[in-house]
Each structure stands twice: as C-alpha cells, then as structure tokens.
Amino acid sequence: QVQLVESGGGLVQPGGSLRLSCSTSRSAFSLLALGWYRQSPGKQREWIASIRNSGHPEYADSVKDRFTISRNVGNSTVYLQMNNLRSEDTAVYYCHGQRFEHDYWGQGTQVTVYL
C-alpha cells in the first residue's frame, strides 16, 4: 500500500511563500514518478509540477518561475516551494505518484492566499 503524506499548507498573503512536503516510503519513492496537483472550488484538478527520478522538473505555465519542485532521496520526500503566491493559487494541493497505470494520491493540504 503506497501512502503519500502531505504537509505545509496554510494561510499566506499575496506575494508570500509556502513550502509543501510529500513523504512516502523509500521503496515507493524510488519507483514512483512524483508530482503535485491542485484543485480549486468548482474547478477540475490540475497538474502543476512533477519531477523525474533523474531530478528533471516540469511545470505548468501557471506556476512556472514561481514554484520549484525538488526531491530529497535521503528522507524520501518531494517538496513544492511556492513563491510570489497569488489569490488564484488558493486550492487544495495534492501529492501524486504514478507507476505504469497506477495513480496514488495524498490526502491534500489547503493553501489559502488572502488579502
């Protein structure tokens, strides 16, 4: 059973920063392609970033140059550093793992950007 455990959400003002973490087991970390999605009220869940085992990152245009995804092999954790946050970044953020046709999701963590 693969478990993805997120942390790090919260309240922040526009222009602020937050860092999300997603931890899993060592074995899952080595096998899964990991990334982040988000879902705002009334909208579909959208992909925002992913990182390969090689460390190569990919980003959606909406977060490019503001968000950074990284991975720490030592503690089997993927991070999402979010800078210059905007009100439209308000959403529940989900860690996602994929191996072949199998998808795994974390429980989600709320990020709210407010004035």
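One structure accompanies this document, and this report is about it. What you see is a predicted model; the values in this text were computed from it and never measured.

Rules of the game
Residues numbered from 1 in each chain as written. Predicted model: local features only at pLDDT ≥ 70, side-chain atom pairs only at ≥ 80, totals over all residues. Heavy atoms only, no water. Salt bridge = Lys/Arg side-chain N within 4 Å of Asp/Glu carboxyl O. Buried < 20%, exposed > 50% of the residue type's maximum accessible area, 1.4 Å probe, protein only. Helix = DSSP H or I, 4+ residues; strand = E, 2+ residues; numbered from the N terminus. Disulfide = S-S within 2.5 Å. Contact = heavy atoms within 4.5 Å. Polar contact = N/O pair within 3.5 Å; in protein donor to acceptor, adjacent residues only side chain to side chain. Pairing = 2+ DSSP bridges. Axes fitted to C-alpha atoms, helices over the stretch in contact; angles between N-to-C directions.

With that settled, consider the pattern of salt bridges. Counting across every chain of the model gives four salt bridges. A salt bridge links arginine 38 to glutamate 46, with the nearest nitrogen and oxygen atoms 2.7 Å apart. Exposure remark for glutamate 46: the relative accessible area of 31% places this residue in the partly exposed category. Of the charged contacts, one joins aspartate 89 and arginine 38 as a salt bridge, the two residues approaching to 2.9 Å between their closest N and O atoms. You can see aspartate 89 sitting in the loop between β8 (77–82) and β9 (91–99) and its partner arginine 38 sitting in strand β4 (residues 33–39), a full 51 residues away along the chain. Neither aspartate 89 nor arginine 38 differs from the other in exposure class; each is buried. Each of the salt bridges in this network shares a partner with another, and the network as a whole consists of Arg38, Glu46, Arg66 and Asp89.

For the rest of this paragraph, the subject is the state of the cysteines. For the coordinates displayed, the defined rule picks out one disulfide. Each sulfur in the disulfide pair cysteine 22 and cysteine 95 lies 2.0 Å from the other. One disulfide, between cysteine 22 and cysteine 95, carries an S-S torsion of -75 degrees and so falls in the left-handed class. Here cysteine 95 lies in strand β9 and cysteine 22 lies in strand β3 (residues 18–23), a separation of 73 residues in the sequence.

Right, let's get into the environment of phenylalanine 67. In this structure, phenylalanine 67 sits in strand β7 (residues 67–72). Expressed as a C-alpha distance, the spacing of phenylalanine 67 and leucine 18, which sit 49 residues apart in the sequence, is 9.7 Å. Beyond its immediate chain neighbours, meaning those up to four positions away, phenylalanine 67 contacts Arg38, Ile48, Tyr59, Leu80, Gln81, Met82, Asn83, Leu85, Asp89 and Tyr93.

For the rest of this paragraph, the subject is the side chain of arginine 38. Classification of arginine 38 as buried rests on a relative accessible area of 5%. Separated by 2.7 Å, the side chains of arginine 38 and glutamate 46 make a polar contact. Within the local environment of arginine 38, its side chain forms a polar contact with the side chain of aspartate 89, the two groups lying 2.9 Å apart. Residues within four places of arginine 38 in sequence aside, it is in contact with Gln44, Arg45, Glu46, Ile48, Ser62, Val63, Phe67, Glu88, Asp89, Ala91, Val92 and Tyr93.

Examined bridge by bridge, strand β1 (residues 5–7) and β3 share three bridges and lie antiparallel to one another. Residue pairing across strands places serine 7 opposite serine 21, the latter belonging to β3.

With that out of the way, let us pick up the sheet that holds β1. Pairing in this open sheet of four strands is antiparallel, and the strands run β1-β3-β8-β7 from one edge to the other. Each of the sheet's edge strands pairs with one partner strand only, and the pair in question is β1 and β7. In this sheet, neighbouring strand axes are inclined to one another by 15 degrees on average, regardless of whether the strands run parallel or antiparallel. Pairing analysis gives six bridges linking β7 to β8, with the strands arranged antiparallel. In the sheet register, threonine 68 faces β8, and the bridge partner there is glutamine 81.

Interpretation in functional terms is not warranted from these geometric data alone.
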